[in-house]
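Below are the chains, spelled out letter by letter.
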Amino acid sequence: MRPANLDTILLIRLDRGLRAALRGAAQRRGTNASALVRAAIAASVETDAPPSPPTPSAPAVAVLSAAA
């Protein structure tokens, strides 16, 4: 389903080989070239943002030991 808030058209020039590769990649992912390009641009722009803090892979555990 197409997002409702698309209001800008961006024209880009591709050579035939890149266009064919784009069509193939979109088809393999079950989407269309336009959605694939939007996702690639969004991912590229997001990488320019400051990195978010890493998420812990496991909860922190406190270990208490008695003094001997």
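What you are looking at is a predicted structure, and each value in this text was computed from that prediction instead of being measured. (Residues numbered from 1 in each chain as written. Predicted model: local features only at pLDDT ≥ 70, side-chain atom pairs only at ≥ 80, totals over all residues. Heavy atoms only, no water.)

K.L.:
What is the right way to look at the overall build of the protein in this model?
P.N.:
Check the secondary structure of the protein and you find two helices and zero strands. Of the roughly 6,700 Å² of accessible surface on the protein, 59% is carried by carbon and sulfur atoms. (Helix = DSSP H or I, 4+ residues; strand = E, 2+ residues; numbered from the N terminus. Areas by Shrake-Rupley, 256 points an atom, 1.4 Å probe, with all protein chains shown as cover.)

K.L.:
So what exactly am I meant to see when it comes to helix α2 (residues 33–46) here?
P.N.:
Residues spaced three or four apart along an α-helix point in a common direction, a consequence of the helix completing one turn every 3.6 residues. The end-to-end C-alpha distance of α2, which contains 14 residues, comes to 20 Å, matching closely the 20 Å that a straight helix rising 1.5 Å per residue would cover. N-capping of α2 is provided by asparagine 32, with a side-chain oxygen placed 3.2 Å from the backbone N of serine 34. (Expected span 1.5 Å × (residues − 1). Polar contact = N/O pair within 3.5 Å; in protein donor to acceptor, adjacent residues only side chain to side chain.)

K.L.:
Got a minute to help me understand helix α1 (residues 16–29) in this structure?
P.N.:
Here α1 contains 14 residues, and its C-alpha end-to-end distance of 20 Å stays within 8% of the 20 Å for a straight helix at 1.5 Å per residue. Those residues of α1 not exposed but buried are Leu22, Gly24, Ala25 and Ala26. Close packing links the buried residues of α1 with α2. Its side-chain oxygen placed 3.1 Å from the backbone nitrogen of glycine 17, aspartate 15 serves as the N-cap of α1. After α1 finishes, the residue glycine 30 shows a positive phi value of roughly 70°. (Buried < 20%, exposed > 50% of the residue type's maximum accessible area, 1.4 Å probe, protein only. Contact = heavy atoms within 4.5 Å.)

K.L.:
Can you walk me through a nonpolar patch on the surface in this structure?
P.N.:
A cluster of nonpolar side chains, namely Leu10, Ile12, Leu14, Leu18, Ile41 and Val45, defines an oily patch on the protein surface of about 550 Å² accessible area. Of note, leucine 18 is situated in helix α1. Note on leucine 18: relative accessible area 45%, which makes it partly exposed. (Patch = residues over 30% accessible without salt bridge, like charges linked within 9 Å, V, L, I, M, F, W, Y side chains within 5 Å. Salt bridge = Lys/Arg side-chain N within 4 Å of Asp/Glu carboxyl O.)

K.L.:
I'm lost on the nonpolar core in this one. Help?
P.N.:
One finds Leu22, Ala25, Ala26, Ala33 and Leu36 forming the largest nonpolar core, which totals five residues. Going through the elements one at a time, α1 and α2 are the ones with two or more residues in this core. Ranked by residue count, the leading element in this core is α1, at three residues. (Core = buried A, V, L, I, M, F, W, Y, C linked by side-chain atoms within 4.5 Å.)

K.L.:
Which parts of the structure should I look at to understand the environment of leucine 22?
P.N.:
Checked against the element boundaries, leucine 22 lands in helix α1. Along the sequence, leucine 22 and valine 37 sit 15 residues apart, while their C-alpha atoms lie 8.4 Å from each other. Dropping the residues within four chain positions of it, leucine 22 is found in contact with Leu14, Ala33, Leu36 and Val37.

Limitation: the analysis is restricted to geometry and does not speak to function.
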